[in-house]
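# Topology and contacts: notes
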Amino acid sequence: MRVTAAVVDELGGPFHVEELDLDEPGPGEALVRVVASGICHTDTITRHGDLPMPFPAVLGHEGAGEVVAVGDGVTSVRPGDHVVIGWPSCGTCRNCRDGEPRYCARLGEALCGGGRLLGPRAGQSALRRPDGSQVHSHFFGQSSFSTHALTWADALVVVPSDAPLELLGPLACGIATGAGAVLNTVKPAPGSSLVIYGAGAVGLAAVMAARLSPATKIIAVDRHPSRLELAMEFGATHTIDASQADPVAEVHRICDGPADHALECTGVIPVVRQAADSVGMLGTCVLIGGAPAGAEFALDHLTTLWGKRIVGTLGGSGRSETLIPTLIELHRQGRFPFDRLVRFYDLADIETALQDSHRGEVLKPVLRLTSSPS
Ligand SMILES: [Zn+2]
Ligand SMILES: [Zn+2]
């Protein structure tokens, strides 16, 4: 079928909106009409080569929409279902079988192999230009900067038909990453303290999730006063402007010692060290933000020996089919107001959306691709 998509032709190149041909769903696959797709930092760093996606390609990995067709053998979804396109995984490796599909052993291939991970057409792209030349597909199993996406049906998370579909795509990645780091990885104990470095979409989602926990100190660190104000509205108990003060010293002052947990959402290497230094004995520092490919960081050896845990997390850990419906229900109850981070753009304005995001004017840009089901 003919679709309209934003294509990146080469490493670092711009997005061009063009018409492409997309395969019909084969066994195990589903065709999703994408209503909207969030834009995530990972789309930007992939365009610049930090993930090894082959080009030309269609990026986008925060898609939500309506199932319009399914291939042979698909029973988990049917046409008309409203879905968020969840994290891709093989379903058969040890981590997948142990309930940790975010850490699928075939993750690299699943996220940026440029084609299908599974099924009779594994390895093949689903997209072509009208002249027949190949365009790589299946970025994070979806390539959602397109009016339609061909996905593995088991990766889809069915959502209530009265939920605001155009908002829900970011629950597959950016928003889930921040919230899941708190709810799945840290699981704050009563009275614990948490410091969140970086109050962008991921960090603010972490702040919102922390407010739903029994943590009593929620400290947001950023260099933009407007983001720190938002953090206070979303549940931070304290903020630190890192352009004005040494955040590690401030954390120790606020907590009367080190914090129990630090969440590093920036991917900026000196900030990784600050996050690690913000927690003490038996403390946990969670690495969330994506740094450039090949980046390394250093730690103080002695104070890390003191039972400190440095742990990475992808996509908020846990399972999409648990986390996404939970966040939708918390949003419906008014307890997880992530919609306040979102600004909508048309597909044709994708470069404007990226520039606005880069300048910090918008926290979570979302592209509208097709009309919302009524
Ligand atoms: Zn797997
Ligand atoms: Zn993402």
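Parameters and conventions
- Residues numbered from 1 in each chain as written.
- Chains lettered and ligands numbered in written order.
- Predicted model: local features only at pLDDT ≥ 70, side-chain atom pairs only at ≥ 80, totals over all residues.
- Heavy atoms only, no water.
- UniProt positions renumbered as here; feature names shortened; annotations may be inferred.
- Helix = DSSP H or I, 4+ residues; strand = E, 2+ residues; numbered from the N terminus.
- Buried < 20%, exposed > 50% of the residue type's maximum accessible area, 1.4 Å probe, protein only.
- Contact = heavy atoms within 4.5 Å.
- Pairing = 2+ DSSP bridges.
- Donors = N, O, S within 2.8 Å, 3.2 Å for Na, K, Ca; no water.
- Tetrahedral: all angles 85-135°; square planar, octahedral: opposite > 155°, others 65-115°.
- Salt bridge = Lys/Arg side-chain N within 4 Å of Asp/Glu carboxyl O.
- Phe/Tyr/Trp six-rings, centres within 6.5 Å; stacked < 30°, edge-to-face > 60°.

In the nomenclature of an unreviewed UniProt entry, the protein corresponds to Aryl-alcohol dehydrogenase from the organism Nonomuraea wenchangensis. Heading Cofactor (unreviewed entry) of the UniProt record for the protein holds this comment: "Zn(2+)". The protein has a UniProt comment under Sequence similarities (unreviewed entry) that states "Belongs to the zinc-containing alcohol dehydrogenase family."

What follows concerns the environment of serine 357. Tracing the backbone through its elements, the reader meets serine 357 in helix 12 (residues 350-358). Overall, the relative accessible area of 28% leaves serine 357 in the partly exposed class. Considering only alpha carbons, one finds serine 357 and histidine 41, 316 residues apart in sequence, at a separation of 9.0 Å. Sequence-distant contacts of serine 357, defined by excluding residues within four places in its chain, comprise Val362 and Pro365.

All right, on to the sheet that holds strand 7 (residues 127-128) then. Read from one edge to the other, the open sheet built from 5 strands follows the order 4-1-2-7-8, with strand pairing classed as antiparallel. Looking along the sheet, the strands with just one partner apiece sit at the ends: strand 4 (57-58) and strand 8 (134-135). Pairing of strand 2 (residues 15-22) with strand 7 involves 2 bridges; the strand directions are antiparallel. Directly across from aspartate 21, in strand 7, lies its bridge partner arginine 128.

Six octahedral donors around a metal ideally make angles of 90 or 180 degrees; four tetrahedral donors ideally make 109.5 degrees. Only Cys90 (SG), Cys93 (SG), Cys96 (SG) and Cys104 (SG) from the protein reach the zinc ion (ligand 1) as donors, at distances of 2.3 to 2.4 Å. Relative to the metal, the 4 donor atoms surrounding the zinc ion (ligand 1) lie at angles of 102 to 119°, and the coordination shape comes out tetrahedral. Given a relative accessible area of 8%, cysteine 96 falls into the buried group.

Okay, the pattern of salt bridges next. Per the stated rule, a full pass over the model turns up 21 salt bridges. Among the ionic pairs, arginine 47 bridges to glutamate 351, the shortest N-O distance being 3.1 Å. In this pair, arginine 47 is assigned in helix 1 (residues 41-47) and glutamate 351 in helix 12, connecting sequence segments 304 residues apart. Residue glutamate 62 pairs with lysine 364 through a salt bridge whose shortest N-O separation is 3.0 Å. Separated by 302 residues along the polypeptide, glutamate 62 in the loop between strand 4 and strand 5 (63-70) and lysine 364 in strand 18 (residues 364-368) bring together distant segments of the chain. The two residues glutamate 62 and lysine 364 agree in class, both being buried.

Looking at the zinc ion (ligand 2), the protein donor atoms are Cys40 (SG), His61 (NE2) and Cys173 (SG), and they sit 2.1 to 2.2 Å from it. Between consecutive donor residues of the zinc ion (ligand 2), the sequence gaps follow C-x20-H-x111-C. Remark: histidine 61 occurs in the loop between strand 4 and strand 5 and cysteine 40 occurs in the loop between strand 3 (29-38) and helix 1; sequence separation between them is 21 residues. An identical accessibility class is assigned to cysteine 40 and histidine 61; each is buried.

Working definition: an aromatic ring pair is given by the centre-to-centre distance plus the angle between the planes. Evaluation of the coordinates by the stated rule reveals 4 aromatic pairs. Centroid distance phenylalanine 15 to phenylalanine 145: 5.8 Å. Interplanar angle 70°. Geometry classified as edge-to-face. Taken together, the residues span a long stretch of sequence, with phenylalanine 15 in strand 2 and phenylalanine 145 in the loop between strand 8 and strand 9 (148-152) at a distance of 130 residues. In this structure phenylalanine 145 comes out as buried when scored by relative accessible area, which is 0%. Ring centres 5.9 Å apart and planes at 40° place the aromatic pair phenylalanine 336 and phenylalanine 338 in the tilted group. One exposure class covers both phenylalanine 336 and phenylalanine 338, and it is buried.

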